[in-house]
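Breakdown of the fold
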Protein chains: 2
Amino acid sequence: MPKQPAPVASSPRRSCCPVACTLDLIGDRWTLLVVRDLFAGRTRFADFARAPEGIASNILTQRLEALVATGLVERRAEAGGGHAHYHLTERGRSLRPVLEALSAWGLEHIDGTEARVQVPQEGR
Amino acid sequence: MPKQPAPVASSPRRSCCPVACTLDLIGDRWTLLVVRDLFAGRTRFADFARAPEGIASNILTQRLEALVATGLVERRAEAGGGHAHYHLTERGRSLRPVLEALSAWGLEHIDGTEARVQVPQEGR
């Protein structure tokens, strides 16, 4: 299996543009799907792995590590050595408008999309 | 030089989730930077290649082709065989709230970001 690229969090900054810097953190096909599932109340590795998109476990591991490294997600070990739980930090929860914009665009512009995984909508 | 992956436009759909489907179209570190530059009024290959992020020309070629293939961008050949110009279609311009959400998040949450490439803000 090919080695995964380094977490995006450690990539050098490409410019001072806020769009570019945000994409450096979350601009790939998988990271925001994990964030979506966190917003939907999922907390465990197995929950994210069960998403309909079929994320590979090595990619999921890497994306979770990057999300923790960038302070968007907090990892909590369960008492007694059980499975870890993952939660959005305040910084992570601030991504809600980004997810809402992506979801609204997809629902309006891509045929056949359905909001089955509900990202809680604030103030709507 | 390794071969680029196929344009995201031709990837099979991973699920019916609007976030996943939108990320299938624009979820990478480069596509939305080209869209940003199109919003800023840039139209030519050389303009996009000059962005401060330093996009490689083979990646730029591929992203522009994918944007045209998915109907987000229109390519217009210049009369007399000059350079082509690229323009956002109506569907492409509808990505404005996505770009605005990414830009606002970066400005608020990533130190040192500056909105030098201005994405026109509607209704603000």
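Conventions and cut-offs
- Residues numbered from 1 in each chain as written.
- Chains lettered and ligands numbered in written order.
- Predicted model: local features only at pLDDT ≥ 70, side-chain atom pairs only at ≥ 80, totals over all residues.
- Helix = DSSP H or I, 4+ residues; strand = E, 2+ residues; numbered from the N terminus.
- Contact = placed C-beta atoms within 7 Å.
- pLDDT = per-residue confidence, 0-100.
- Least-squares fit on C-alpha atoms with pLDDT ≥ 70 in both.
- Core = buried A, V, L, I, M, F, W, Y, C linked by C-beta atoms within 7 Å.
- Buried ≥ 20, exposed ≤ 12 C-beta atoms within 10 Å, placed from the backbone.
- Pairing = 2+ DSSP bridges.
- Expected span 1.5 Å × (residues − 1).
- Arc of directions from axis to C-beta.

Quick notes on the overall build of chain A
Of the regular secondary structure elements, chain A holds six helices and two strands. Helices and strands in chain A line up, N terminus first, as α-α-α-α-β-β-α-α. Put simply, 46% of the contacts in chain A that link residues at least 6 apart link residues at least 24 apart.

Details of the confidence of the model for chain A
Reading predicted coordinates in detail is not appropriate for stretches of low pLDDT. All names here are of chain A. On average, residues of chain A score 87 in pLDDT, and 85% of them reach the 70 mark or higher. This stretch, residues 1-10, has a pLDDT under 50; its non-local contacts, to residues over four places away or in other chains, come to 17 contacts. What the predictor reports for the complex is a pTM of 0.84 with an ipTM of 0.84.

Concerning the relation of the copies chain B and chain A
The relation between the two chain copies is a rotation about an axis coupled with a shift along that axis. Mapping chain B onto chain A leaves a residual RMSD of 0.0 Å; the transformation is a rotation of 180° accompanied by 0.0 Å of translation along its axis. When the rotation and shift are considered jointly, the pair of chain copies conforms to a two-fold rotation axis. When C-alpha positions in chain B are compared against the rotation axis, the closest is assigned to Asp28(B), at 2.2 Å. Taken together, the interface assignments show that 100% of the residues at the interface of chain B recur at the interface of chain A, consistent with an identical surface on both copies.

Some words on the nonpolar core
One finds Leu102(A) and Leu102(B) to be the most contacted residues of the largest nonpolar core, which totals 60 residues. Broken down by secondary-structure element, the contributors of at least two residues to this core are helix H1 (18-26), helix H2 (31-39), helix H4 (57-69) and helix H6 (96-109) of chain A together with helix H1 (18-26), helix H2 (31-39), helix H4 (57-69) and helix H6 (96-109) of chain B.

Points about the pairing of strand S2 (residues 82-88) of chain B
Residues and elements named next belong to chain B. With five bridges connecting them, strand S1 (residues 73-78) and S2 associate as antiparallel partners. Following the sheet pairing, Arg-75 is matched in S2 by Tyr-86. Taken together, S1 and the strand that follows it, S2, pair antiparallel across an intervening segment of three residues, in which Gly-80 is found at a positive phi of about 85°.

With respect to the interface of chain B and chain A
Each side of the interface is counted separately: chain B has 40 residues, and chain A has 40 residues. Those elements that place two or more of their residues in the side of chain B that touches chain A are H1, H2 and H6 of chain B. It is H6(B) that provides the largest number of residues to the side of chain B that touches chain A, a total of 10 residues.

Considerations on H4(A)
Residues and elements named next belong to chain A. Helix length check: H4 (13 residues) gives 18 Å between terminal C-alpha atoms against 18 Å at 1.5 Å per residue, within 8%. Here H4 has its buried residues at Arg-63, Leu-64, Ala-66 and Leu-67. All buried residues of H4 lie within an arc of 160° about the axis, which places them on one face of the element. In H4, the exposed positions that point more than 90 degrees away from the buried face belong to Ser-57 and Asn-58. If you follow the buried residues of H4, they end up packed against H2, strand S1 (73-78) and strand S2 (82-88). Downstream of H4 by a residue or two, Gly-71 has a phi angle that is positive, lying close to 75°.

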